[in-house]
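# Summary of the model geometry
Listed below are the residues making up each chain.
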Amino acid sequence: MRKRLLSWFSDNARDLPWRRDHSPYRVWISEIMCQQTQVATVLPYFERFLSTYPTIRDLADADESQLMRMWEGLGYYRRARSLHAAAKKMVEEHNGEFPESFDDVLALPGIGRYTAGAIQSISRNKAFPILEGNTQRVFSRWIGLTVPPTEKVAQARLWELSDKMLPRRKADDRSNGPAGFNQAAMELGALICSPRSPKCDECPVATMCHANQMGLQDEIPGKISKVQYESRTELAVVIFRDDRYLVRTIPEGVRFAGMIDFPRAGPPEAADVVGMESWLADQLGGDVRIGMCLKTIKHAVTRYRMTLHVHIGEWIADGDRVAESGPIPDSWQWATVDELADMPMSVTGRKIVRLLDRPQRSLFSEL
């Protein structure tokens with residue numbers, strides 16, 4: 001099975017930048033970026049990221065705002081903050097080098113058992129098993145595992161299989177060692193052994209696969225509990241003055257922490273427009289009046305199906321409309337559209353910026 005799989009991989013492996021240069025740093029960045037994100041989406045981000053931060057020290061010294069702007073659009077922004085923290089730890093504790101031992105790699109922020117094993121096996125050809133979405137599905141089908149792979153007993157069995165399948169006699173040969181096998185198993189899951197309608201007629205190990213032999217490809221892996229999405233409605237407010245817009249740096253502990261956003265809230269802080277006016281008044285001082293809705297944006301964030309209503313607003317303090325030069329609380333600032341272009345924002349925050357084109361600003365001036 002190994003021989004067939006590795007032979008198939010040598011002929012069919014995708015040409016990916018972290019395979020051309022498999023240093024631990026590059027493999028680490030690719031693994032973090034590919035979490036919850038398709039490879040095709042990751043590729044341009046990976047190239048830009050490595051051009052900007054070619055070394056661990058460069059990443060450790062990165063300006064957090066610039067780093068978050070670089071990550072914008074990939075989602076799951078905690079990953080970028082974990083990369084930054086891990087790079088700083090490597091500078092402080094490992095002289096700016098990627099640690100050698102599995103335990104030291106595992107101790108880095110944002111790295112779990114799978115990622116640590118992937119880095120050590122792919123970059124250093126060490127015999128560490130890996131288990132992620134693709135290999136979890138591939139291995140389950142190989143052994144005809146009908147138990148859902150997320151269950152504890154199934155996880156233990158799959159980790160055991162992943163370890164036993166690793167080549168050890170040719171550990172000095174990347175193409176036939178753990179590096180080759182782990183990447184081949186993941187590639188098989190990505191290109192052939194897909195979740196639905198797997199291409200068993202193109203699979204190099206179909207005759208050895210229990211799911212294929214029993215005709216259970218569509219039933220294995222067992223049903224995984226689907227995420228139960230919740231509906232959530234939020235409001236965002238565009239407060240403007242002399243072509244500048246009021247935005248804030250999102251605080252720690254809040255979704256998209258460290259990024260820049262327009263005033264935004266939802267339940268329990270702001271269940272409706274009146275609640276939003278009250279919440280913003282508490283945040284800013286004075287009174288906030290919310291006007292017409294500019295746009296409604298629907299999007300998904302983790303387990304939520306979001307509806308975002310974007311409104312125009314006014315901020316009034318001491319009876320006067322607040323000027324851009326007036327005092328504002330810490331973490332808040334006035335910014336032009338051009339300045340916002342260089343600030344890190346969520347996908348919906350960026351969509352709001354696109355609303356603020358010249359015709360739209362003319363509309364604001366008339367209201």
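Computed from a predicted model, the values in this text were never measured in an experiment.

Our focus in this paragraph is the overall build of the protein chain. On a plain count of helices and strands, the protein chain comes out with 17 helices and eight strands. By its C-alpha atoms, the protein chain is 80 × 50 × 35 Å across when sized along the principal axes. Considering only intrachain contacts with a sequence separation of at least 6, the fraction spanning at least 24 residues in the protein chain is 64%. Of the roughly 18200 Å² that the protein chain leaves accessible, carbon and sulfur atoms contribute 48%. Within the protein chain, one finds 48 positive and 48 negative side-chain charges whose respective centroids are separated by 8 Å.

Now for the packing of aromatic side chains. Under the counting rule described, the total for this entry stands at nine aromatic pairs. Ring geometry for phenylalanine 49 and tryptophan 71: centres 6.2 Å apart, planes at 80°, overall edge-to-face. Placement of phenylalanine 49 in helix α4 (residues 39–52) and of tryptophan 71 in helix α6 (residues 64–71) is noted, with a sequence separation of 22 residues between them. Like phenylalanine 49, the residue tryptophan 71 is buried in the burial classification. Grouped by ring-pair contacts, the aromatic residues Tyr25, Trp28 and Phe98 constitute a single cluster. Residue placement shows arginine 48 over the ring face of tyrosine 45; its charged tip is 4.9 Å from the ring centre.

With that settled, the discussion passes to the packing of α4 against α6. Geometrically, a packed helix pair is captured by the angle between its two axes and the distance between the axes. The contact between α4 and α6 brings their axes to 10 Å, and the two run at 160°. Judged by the angle between their axes, α4 and α6 are roughly antiparallel. Residues Tyr45, Arg48, Phe49 and Thr52 of α4 lie in contact with α6, whose contacting residues are Gln66, Leu67, Met70 and Trp71.

Before going further, it helps to examine helix α12 (residues 178–191). Taking 1.5 Å of rise per residue, 14 residues should cover 20 Å, and α12 covers 20 Å from first to last C-alpha, within 8% of that figure. Of all the positions in α12, only Pro178, Ala179, Gly180, Phe181, Asn182, Gln183, Ala184, Ala185, Met186, Glu187, Leu188 and Gly189 are classed as buried. Of the surrounding secondary structure, the elements contacted by the buried residues of α12 are α1 (2–12), α2 (17–20), α9 (113–124) and α10 (133–142).

Along a regular strand, successive side chains alternate from one face of the sheet to the other. As paired elements, strand β1 (residues 230–241) and strand β4 (residues 264–265) share two bridges and run antiparallel to each other. Across the sheet, leucine 235 pairs through a bridge with alanine 265, a residue of β4. Two elements, β1 and strand β2 (residues 244–249), share two bridges in a ladder whose sense is antiparallel. From the neighbouring strand, arginine 241 faces β2, where its bridge partner is arginine 244. Taken together, β1 and the strand that follows it, β2, pair antiparallel across an intervening segment of two residues, in which aspartate 242 is found at a positive phi of about 50°.

One pass over the structure, following the stated rule, counts 15 salt bridges. Between aspartate 15 and arginine 20 there is a salt bridge whose closest N-O contact spans 2.8 Å. Aspartate 15 sits in the exposed class, given a relative accessible area of 56%. Arginine 264 is paired through a salt bridge with aspartate 261; the nearest N and O atoms lie 2.6 Å apart.

Another point: the nonpolar core. In terms of nonpolar packing, the biggest core is built from 74 residues, with Trp28, Ile29, Phe49, Leu59, Trp142 and Leu188 touching the most fellow members. Counting residues domain by domain, this core receives three or more from each of domain 1 (1–214) and domain 2 (230–357). Ignoring sequence-local partners within four residues, the contact set of phenylalanine 49 consists of Tyr25, Ile29, Met33, Leu59, Leu67, Met70, Trp71 and Leu83. Among the nonpolar cores identified, the runner-up in size contains 21 residues, and Phe240, Ile260, Met343 and Leu355 belong to it.

Turning our eyes to something else, we now look at empty space enclosed by the protein. Overall, the coordinates contain one cavity of 30 Å³ or more when judged by the stated rule. If you add up the space inside the largest cavity, you get close to 100 Å³. Taken together, 13 residues line the largest cavity, and the ones lying closest to its centre are Arg141, Cys193, Cys200, Cys203 and Cys209. Class assignment of the residues belonging to the lining of the largest cavity gives a composition of nine nonpolar, two polar and two charged.

By secondary structure assignment, the location of alanine 257 is in the loop between β2 and β3 (260–261). Judged by its relative accessible area of 12%, alanine 257 is buried. Taking the C-alpha atoms as reference, alanine 257 lies 37 Å from alanine 184; in sequence the two are 73 residues apart.

For the pair helix α3 (residues 24–33) and helix α7 (residues 78–94), interaxial distance at closest approach is 10 Å and the crossing angle is 155°. Viewed along their axes, α3 and α7 adopt a mutual orientation that is roughly antiparallel. In this structure, α3 meets α7 at a crossing whose hand is right-handed. Across from Trp28, Ile29, Ile32 and Met33 in α3, the residues of α7 making contact are Arg79, Leu83, Ala86, Ala87 and Met90. Here the residues of the contact of α3 with α7 sort into eight nonpolar, no polar and one charged.

What counts, and at which threshold
Residues numbered from 1 in each chain as written. Predicted model: local features only at pLDDT ≥ 70, side-chain atom pairs only at ≥ 80, totals over all residues. Heavy atoms only, no water. Helix = DSSP H or I, 4+ residues; strand = E, 2+ residues; numbered from the N terminus. Contact = heavy atoms within 4.5 Å. Areas by Shrake-Rupley, 256 points an atom, 1.4 Å probe, with all protein chains shown as cover. Lys, Arg positive; Asp, Glu negative; His and termini not counted. Charge placed at Lys NZ, Arg CZ, Asp CG, Glu CD. Phe/Tyr/Trp six-rings, centres within 6.5 Å; stacked < 30°, edge-to-face > 60°. Buried < 20%, exposed > 50% of the residue type's maximum accessible area, 1.4 Å probe, protein only. Lys NZ or Arg CZ within 6 Å of the ring centre and 35° of its normal. Axes fitted to C-alpha atoms, helices over the stretch in contact; angles between N-to-C directions. Parallel < 35°, antiparallel > 145°, perpendicular 65-115°, else oblique. Expected span 1.5 Å × (residues − 1). Pairing = 2+ DSSP bridges. Salt bridge = Lys/Arg side-chain N within 4 Å of Asp/Glu carboxyl O. Core = buried A, V, L, I, M, F, W, Y, C linked by side-chain atoms within 4.5 Å. Domains from an automatic or database assignment. 1 Å grid on protein atoms, 1.4 Å probe; cavity = no way out; pocket = protein on both sides within 12 Å on 5 of 7 lines; lining within 4 Å. Points joined across faces, edges and corners; volume = space filled by probe spheres on them. Nonpolar A, V, L, I, M, F, W, Y, C, P; charged D, E, K, R; others polar. Left-handed = near helix turned anticlockwise from the far one by under 90°.

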